[in-house]
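# Examining the three-dimensional arrangement
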Amino acid sequence: MARARSEERRAEIVRAAVEVIAERGYRGASLAAVAERVALTQQGLLHHFPTKEALLVAVLEERDRWDTGGGSRAAADTWRLDLLASLVDYNAMRPGIVQTFSALLGESVTDDHPAREFFTRRYAQVRSEMAAVLRTEFGERLPSGLTPDQAAPLLTAVMDGLQYQWLLAPEAVDMPAAFRSFLVLLRGPDSDG
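What counts and how
Residues numbered from 1 in each chain as written. Predicted model: local features only at pLDDT ≥ 70, side-chain atom pairs only at ≥ 80, totals over all residues. Heavy atoms only, no water. Helix = DSSP H or I, 4+ residues; strand = E, 2+ residues; numbered from the N terminus. Core = buried A, V, L, I, M, F, W, Y, C linked by side-chain atoms within 4.5 Å. Buried < 20%, exposed > 50% of the residue type's maximum accessible area, 1.4 Å probe, protein only. Contact = heavy atoms within 4.5 Å. Salt bridge = Lys/Arg side-chain N within 4 Å of Asp/Glu carboxyl O. pLDDT = per-residue confidence, 0-100. Phe/Tyr/Trp six-rings, centres within 6.5 Å; stacked < 30°, edge-to-face > 60°.

## With respect to unusual backbone geometry
A positive phi is found at A39, a non-glycine position, where the angle reads about 55°. In this structure, A39 sits in the loop between α2 (31-37) and α3 (42-48).

The following block contains the structure:
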């Protein structure tokens, strides 16, 4: 019972951290602000997450769990382009999570950021997964002539780049529609959807 309560409390802290990071960015977020959101002292929060970096990693891991249906990255083995479009739809319904991820991603490009290693590993994995999706969909050549390995970084860049544009101007950028337009470009003029 105590273990379950501790896990619930950790999940509550992670949700609060997502909110605080979305509002202030990682560098502007403090453990005190997160603790206050969950009615804990900073010392109480440190009982669950001994460092700010440990909390950050928990936030990033939770975000990835949400994207893979609550399971492991193994769920990514079943991705198809139409399911990626569904993921974009899902992201459009959770701007706070997308904002947090985007803020952390932007900050992580500095050499000393604690999430840099996480994002470096994550992007290598995502590019590999996107190449597998493209290979399943098209074989070894896309209609454009690109290989799946050549197109995978572009697919990844479109997904994340659309998130930034949508966050900055949601009334001007229909992220799901724009992603579906990109899929038309990938599939070529002779595709039927």
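## Side note on the nonpolar core
With 29 residues, the main nonpolar core has I13, V34, L55, V59, L60, L104 and F119 as its most contacted residues. Contributions of two or more residues to this core are made by α1 (2-28), α2, α4 (52-67), α6 (95-107) and α7 (116-138). The residues touching L55, leaving out its near neighbours within four places in the chain, are I13, V14, A17, L31, V34 and F49.

## Describing the pattern of salt bridges
Tallied over the full model, the rule gives 10 salt bridges. Salt-bridge contacts for E23 lead to R37; the nearest nitrogen and oxygen are separated by 2.5 Å. Residue E23 is found in helix α1, and its partner R37 is found in helix α2; the two are separated by 14 residues along the sequence. We classify E23 as exposed; its relative accessible area is 52%. Taking relative accessible area as the criterion, R37 reaches 36% and is therefore assigned partly exposed. In this structure, the salt-bridge partner of R80 is D82, at a minimum N-O distance of 2.8 Å. Connected through salt bridges with shared partners, the residues E19, E23 and R37 form a single ionic network.

## Considerations on the confidence of the model for the protein
When pLDDT is averaged across the protein, the result is 87; 91% of the residues are at 70 or more. Across the protein, element-level confidence peaks in helix α8 (residues 148-168) with a mean pLDDT of 96 and bottoms out in α4 with 79.

## Some words on the packing of aromatic side chains
One pass over the full model with this rule turns up 3 aromatic pairs. Residues F101 and F119 carry aromatic rings whose centres are separated by 5.4 Å and whose planes lie at 70° to one another, so their mutual orientation is edge-to-face. You can see F101 sitting in helix α6 and its partner F119 sitting in helix α7, a full 18 residues away along the chain. A relative accessible area of 3% means that F119 is categorised as buried. Taking 5.4 Å as the distance between ring centres and 85° as the angle between the ring planes, the aromatic pair formed by F118 and F119 counts as edge-to-face. As far as the burial class goes, F118 and F119 line up, both buried. Members of the aromatic cluster, joined through ring pairs, are F101, F118 and F119.

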